[in-house]
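Coordinate inspection notes
Residues per chain, in single letters:
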Amino acid sequence: MSAPRGGANGRLASESATIESATIESATIESAGGALRVVGKAMPRVDAVSKVTGRTVYADDLTFPGTIHCVLLRSPHPHARIRGVDVREAAGVPGVVAVLTGAAMPTRFGVSPSSEEEQALATEKVRYVGEPVAAVAARDEATAREACKKIHVDYELLEPVTSIDQALEVPMDEPIHAASKDSNIHRLAALEFGDVEEGFAASDHVREDVFFYEGSTHLAMEEHSATATFADGQLTVWSSTQSPHNVHRALSSVLGLPMGHVRVVATPHGGGFGGKVDPCAHEIVIAKLAMTTGRPVKCTLTREEVFYNHRGRHPVLMWVRTGVTRDGRIRAMHFRTALDGGAHGSLGAATTYYTGALQPATYDLPAYRFEGCRVFTNKAPCGPKRGHGTPQPRFALELHLDKLAEDLGMDPVELRRRNYVRPNSRTVNGLRITSCAIENVTAEVLAASGYSRRRRRDGHGQGFAVSAYLCGAGSPMYLNRMPHSEVNIEVGRGGVTVLCGATDIGQGSDSVLATLVAEELGLEREDVRLVTGDTGLTPVDLGSYSSRVTFMAGNAAIEAARKMRATLVAAAAERSGAQPTEMTVAGGKIGPLSFEEAVVAAEELYGSLGSGGSYAPPPDISGSKYRGSAVGPSPAFSFSAAVVDLDADRVTGEVRVNKVWIAHDIGRALNPLLVRGQVEGGVYMGLGEALMEAQVYRNGLLHHPSVLEYKTPLSTDMPEIEHLLVEQPDPEGPYGAKEVGQGPLLPVVPAVVSAIHDALGIWVDEVPVTPEKVLRALDSRAKGGDPRTGPRAFPMIPYPPCVKVAPPDAASAAL
Amino acid sequence: MLRLRVNGESYETLAESCETLLEILRERLGLTGTKHGCELGECGACTVLLDGMPVLSCLVLPDQLEGAEVTTVEGLAEGPALHPLQEAFMALGASQCGYCTAGMLLSAKALVDEQPDPTREEIRAALAGNVCRCTGYASIVDAVAQATNTMRGAR
Amino acid sequence: MLRLPRFSYLRPASLAEAVAMLADHGGQARVIAGGTDLLPKMKRRQLQPAVLVGIGHLDALRHLETTASGAVEIGASATLTSVLKDSGLARHQPGYAQAAGVVSTPALRNTGTAGGNLCIDTRCNYYDMSEEWRIASGSCLKTGGEQCQMASSSPRCWAISSSDTAPIAVALGATAVVVGPEGERDVPIASLFRDDGNAHLALGPDEILTRLRLPAPDGSRSSYVKLRRRSSMDFPLAGAAVALKMDRGVVEGCRLVLGAVASQPVELGDLVHGLVGQRLDEEAIEEVANAASRLAKPLDNADLSYVWRKRMVKEIVAQAFRQAATSQAAAVP
């Protein structure tokens, strides 16, 4: 085999260690037909020329003849009843083509079937500042925007709910959503795996901590944009979405159109990070307007509107209690979370379970209790952001373990190592762990950073943390047994065309599809034409979320390609008289024939040439079934470890990150260039959340909905990053590949705070770590108090009795 | 009637006094390679060169364009030959979602035109007004450095 | 996308014509040079002038001249980048160059002007928001409302002077040259500013700032230190400008001006008066920096907490003094 290489700035970790799972390795390679020629090579993304020349056509670059422009009128109140909407004056403004209110499409929707409480335009009440109430379509955007100001909405103001504590109380006026009755609790979860009380009783030391992780938003550089046409009974929507499938379903449901009459095309994408997973109000509104006016309708949100659309990181308050033995073995853990969900459900029910699901995927917990609670508040809806519900508990858990290690006088890395999950095991909450390089990523990052040998000087510190993440959610967002991803390959006189619903949001999923199909068919990537993210032309892919695309669409592509290869090989054998088993498929040749000759032969023999592949996760990835068991299972898990090196100024409280080392368990880097981009991008976003980013409110009004005031690290704020890839191919991943889009963010945040502790001896138990929080902890210590900034207490939450789930028996715990 | 030069070509176009260069490029001239992420001068996505200097096209009025030479991302390549910065951005994966890329390339071009051998700190400083949410800036800084190497080698 | 409101754009052939145009429109017109402050405010509908009078093209406002003695005259429309490229200015007026160099981002310094940064509108995170946001929040004193959104009982507007170059210009004893219908007048720079967030410039609606004169340093050295969250883009959370003249370690003259802690640059004259005749050792610096921090009263209408910003005034003042002292030591042969 040709060993895959690390990226430009990285290096391949211990190639000998890579072959640890030699049987898996050889099986994978053999089925691929020999040495790899495309997979594993660092190559530019397939759309790189278009992107660097400005020729990529993003959603807002697309304008059809006769397009009219839509602007949404949004609520100025966090909580109010709508008594009436008077659009007469707006409708009379010259240039206005149509004005729309929610009465035209009252059907509720939501990305998750368990939380369908949104309306494209609110009809009865508004629940956050920025919630859409009405829409104007006009000949130009400026006219539409001015006309919006002439829509008169009669509001009856209600007391807003703006904090978790307030949401747990009996509402002053009325609950945000009627279903939550005497409080604003959206979801409660209570699960117990194994006997937690027994575990605590058997522990030598028990510790409790409280942490808070502030909410943040995606701030993708591209503002959401979509255009709709309705012609000859067919609705088509082009949108900068991460999941054309989700938009497709919402459009069909709200507008009452058969799925077959709706086509959603995901345009080339200016960044998502989870912010474009939900179907959005503007997508439905323009579709309705296209249907009523017969004109193409376009809507591009302003930056401020994107902040209100949000669906970003939930603020989460966390309490964790862990019992350990003297030698650092965890006996029991109890983890509580309280999520501030904002005004709607979005994916928040899943988010709630995610705040509890992956703790056992890094540490072998013999007994684990998780209690989660999500509340509604009158703020922009939270939803999925890179890492979806897991960066918050990861932050808490890693720092909690640091503190436990300190209590025990043990090295924090050693404490973790004693509890690491093992490859080919099943966690206490039933997750199937297969490939697992957690030990390797730890070793790599420690060796590169010199963490254990770090030299102490005042204000300088290093912090270490590890994490795990999914390679795709094991269950779809709505219950069904269909594949999660499907790929069709068409071959003919027009060459090779790969059709897949997968949506390239900049992560490079198109490049992954081209790489895999080219590898399988013995071609180069440029021989493969891609049609992706188009519900009218391509078979389904659920969307670019949960780090699922490489694993799921990748496997579907391999299946489709292998079927096509078999067809071409058979035809080439028939034509040349050679045995199919003797044929090599490489270098643009199928055995003795050129690829084109083989295609001609196959077409002559079989007619039209098409093949399909599909992927659904295997059923054994989860253990027993219980409410919430759909969240957490994944066909594979990636593991990441980070060391952060920083200086923290004890006078100003300012933190300067000098360097980040990050090691990631990638399985196999299909394209190390793209992998590097995801790893470094994750580190960057993690540093932003650790030190700056905060979506915060004042009296229900977003504090700073602008690129200037929502602080994110700039080029001059970023340290150098050294990334290390550990390649131990996963038995089920495409060529052994695992995810990289989300995992590398996770350990960065706790590693920053751990490094600040290393530097100054204080704990900042909430992010973002602003300078004043550092000083507050230092001041507190100077006055003889707790050397800590962070939440003091966790609220009383009426969790239901725990659903007790038996842990896997010994036989299935070791797979 | 506004007369302006963009990427070496002369244009005459209608433009209202309140239309910014960003709107003129994208909506009047069909040059949609220039992006927008805030329209308030806060994100850098709409950076173009005005007489060789990076400016934010969302804050440039038509009057400032009389007699000026505008360079957009569409004007970086010479025919099919990409600019070394474009080559390096491709080769090092400095463009992911690609939405900041046009602005990054033009900020970088102004730097390398003036300073053929910039340090990494100088590169970071030159890009400090261009927000990127994908890359963490690392591959972008690398790409600019690599391009300057290429360009020095070609001289 | 956010777009500008409609306005008439006038392009005067001369400064005199520009003044006449402003006078003609009686407060409905505004001058525009770089536009980096004005245009975002217009897009957010904080300001909606009916007429813009362009002055950026007037050569008379773009000149930049440094004399052998180090006196500098900067045209109001000279871009911050052109100021930074002037080696004479950097040598003789290091504090001013430092301040110009930390304004916003490279691209904005290419368009933003020296005059524009001096006159930059006061900022407040209840004011520098979109029209929709301000409707949601309620109007404030600066947008014609009855109540300050930050301090509801306040009779005045507390929007913050957010110029980096204004504090150093005050510290340097600069002069602003202003032209109006009555002709030209020289204004000591400190008198250009008013302690009122809602009317922070002592300029008539038909007056134009044309030039900034920085006097010859005459042996004194200047420095400017800016407090901000990130290393680029951000407005100052506080600024410290120092002009220092020393003779063999003893202070002969000194001015200290704080930025971004009030609606105008705040000169702490009495505070540094006591330094004259003293040795500028660490103890003296610490003392003056502590006192400056005590006197500074930043409010809760900018990024990060005002408590932290007040505390940091000490650090930036001390740093500014150290820089000026070091720079003077290096400058003395």
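Parameters at a glance
- Residues numbered from 1 in each chain as written.
- Chains lettered and ligands numbered in written order.
- Predicted model: local features only at pLDDT ≥ 70, side-chain atom pairs only at ≥ 80, totals over all residues.
- Helix = DSSP H or I, 4+ residues; strand = E, 2+ residues; numbered from the N terminus.
- Rg over C-alpha atoms; globule rule 2.2 N^0.38 Å.
- Contact = placed C-beta atoms within 7 Å.
- Buried ≥ 20, exposed ≤ 12 C-beta atoms within 10 Å, placed from the backbone.
- Axes fitted to C-alpha atoms, helices over the stretch in contact; angles between N-to-C directions.
- Parallel < 35°, antiparallel > 145°, perpendicular 65-115°, else oblique.
- Left-handed = near helix turned anticlockwise from the far one by under 90°.
- Nonpolar A, V, L, I, M, F, W, Y, C, P; charged D, E, K, R; others polar.
- Expected span 1.5 Å × (residues − 1).
- Pairing = 2+ DSSP bridges.
- pLDDT = per-residue confidence, 0-100.
- Domains from an automatic or database assignment.

1. A short note on the overall build of chain C
When helices and strands are counted, chain C shows 13 helices and 12 strands. Its C-alpha atoms give chain C a radius of gyration of 20 Å, within 12% of the compact-globule value 20 Å for 333 residues. Overall, chain C is about 60 × 45 × 35 Å in size when its C-alpha atoms are taken along their principal axes. Taking all contacts inside chain C whose residues are at least 6 apart in sequence as the whole, residues at least 24 apart take part in 66%.

2. Observations concerning the overall build of chain A
Each helix and strand in chain A was counted, giving 21 helices and 35 strands. At 27 Å, chain A has a C-alpha radius of gyration in line with the 28 Å of a compact globule built from 815 residues. The principal-axis extents of the C-alpha atoms in chain A amount to approximately 85 × 75 × 50 Å. Taking all 815 residues of chain A together, the buried fraction comes to 65%. Excluding contacts between residues fewer than 6 apart, the proportion of contacts in chain A whose partners are at least 24 apart in sequence is 81%.

3. Comments concerning the packing of helix 18 (residues 672-691) of chain A against helix 19 (residues 748-760) of chain A
Residues and elements named next belong to chain A. It is the contact of helix 18 with helix 19, at a shortest axis distance of 8 Å, that shows an interaxial angle of 50 degrees. One way to sum up the angle between helix 18 and helix 19 is to call them oblique. Crossing handedness for the pair helix 18 and helix 19: right-handed. Across from Val683, Gly686, Leu687, Glu689, Ala690 and Leu691 in helix 18, the residues of helix 19 making contact are Val748, Val749, Val752 and Val753. Taken together, the residues of the contact of helix 18 with helix 19 sort by class into eight nonpolar, one polar and one charged.

4. Here's the deal with helix 9 (residues 281-293) of chain A
Residues and elements named next belong to chain A. Between its terminal C-alpha atoms helix 9 stretches 18 Å, which fits the 18 Å expected from 13 residues at 1.5 Å a residue. Across the 13 residues of helix 9, 10 count as buried, placing the element largely inside the fold. Restricting attention to buried positions, one finds in helix 9 the residues Ala281, His282, Glu283, Ile284, Val285, Ile286, Ala287, Lys288, Leu289 and Ala290. Count one or two residues on from helix 9 and you reach Gly294, which has phi positive near 75 degrees.

5. Examining the interface of chain B and chain C
Of the residues lining the interface, 21 residues belong to chain B; the matching set on chain C comes to 25 residues. If you tally residues by element for the side of chain B that touches chain C, the top one is strand 4 (residues 53-56) of chain B, at four residues. Here the residues of the side of chain B that touches chain C are counted per class, giving 10 nonpolar, nine polar and two charged.

6. Structural notes on the sheet that holds strand 3 (residues 51-54) of chain C
Residue and element names in this part refer to chain C. If you walk across this open sheet you meet the three strands as 1-3-2, and the pairing is parallel. What marks the edges here is a single partner per strand, and that holds for strand 1 (8-10) and strand 2 (29-32). Strand-to-strand, the axes of this sheet are offset by a mean angle of 25 degrees, without reference to chain direction. Pairing geometry for strand 1 and strand 3, over three bridges, is parallel. Along strand 3, the bridge assignment pairs Leu10 with Val53. Lying on the sheet, helix 1 (residues 15-24) is in contact with strand 1, strand 2 and strand 3; it crosses strand 2 at an angle near 150 degrees.

7. Concerning the interface of chain B and chain A
Across the boundary between the two partners, chain B contributes 42 residues, which contact 43 residues of chain A. Looking at the side of chain B that touches chain A, the elements with two or more residues in it are helix 2 (84-91), helix 3 (101-114), helix 4 (120-126) and helix 5 (138-154) of chain B. Across the side of chain B that touches chain A, the residue classes tally to 24 nonpolar, 13 polar and five charged.

8. Structural notes on the pairing of strand 27 (residues 637-648) of chain A
All names here are of chain A. Burial analysis of strand 27 places 11 of its 12 residues in the buried class, the great majority of the element. Summarising the sheet, strand 19 (residues 460-470) and strand 27 pair through 11 bridges and their orientation is antiparallel. Opposite Tyr469, over in strand 27, you have Ser638 as the bridge partner. In this structure, strand 27 lies alongside strand 28 (residues 655-665), joined through nine bridges in antiparallel fashion. Bridged to Val644 within strand 28 is Val660. Counting the residues that bridge the hairpin from strand 27 to strand 28 gives six residues, and of these Gly653 lies at a positive phi of roughly 80 degrees.

9. Examining the confidence of the model for chain C
Model confidence for chain C is summarised by a mean pLDDT of 96, while 98% of its residues fall at 70 or above. Note on the complex model: pTM 0.96, ipTM 0.98.

10. Observations regarding the domain arrangement of chain A
Residue and element names in this part refer to chain A. Domain annotation of chain A identifies domain 1 (19-57 + 476-621), domain 2 (59-158 + 221-271 + 276-309) and domain 3 (316-475 + 622-805). Placing the centre of domain 2 and that of domain 3 at their C-alpha centroids yields a distance of 36 Å. If you look at the interface, domain 2 gives 20 residues, while domain 3 gives 20 residues. A per-class count over the side of domain 2 that touches domain 3 returns seven nonpolar, six polar and seven charged.

11. Some words on helix 12 (residues 391-408) of chain A
The terminal C-alpha atoms of helix 12 of chain A lie 26 Å apart, and with 18 residues this matches the ideal 26 Å at 1.5 Å per residue to within 8%. Looking one or two places after helix 12 of chain A, you find A:Gly409, whose phi comes out positive at around 65 degrees.

12. What about the pairing of strand 6 (residues 175-180) of chain C?
All names here are of chain C. Where strand 6 meets strand 7 (residues 183-188), six bridges bridge the pair, whose relative direction is antiparallel. Opposite Val177, over in strand 7, you have Asp186 as the bridge partner. Taking the residues that link successive antiparallel strands as the turn, the strand 6-strand 7 hairpin has two residues. Pairing of strand 6 with strand 8 (residues 208-214) involves five bridges; the strand directions are antiparallel. The residue bridging Ala176 from the neighbouring strand is Leu212, located in strand 8.

13. Topic: the packing of helix 16 (residues 549-576) of chain A against helix 17 (residues 595-606) of chain A
All names here are of chain A. Where helix 16 contacts helix 17, the two axes come as close as 8 Å, and the packing angle between them is 90 degrees. Between helix 16 and helix 17, the angle falls in the class roughly perpendicular. Together, Thr567, Leu568, Ala571, Ala572, Glu574 and Arg575 of helix 16 and Ala598, Val599, Ala601, Ala602, Leu605 and Tyr606 of helix 17 make up the contact between the two elements. Here the residues of the contact of helix 16 with helix 17 sort into nine nonpolar, one polar and two charged.

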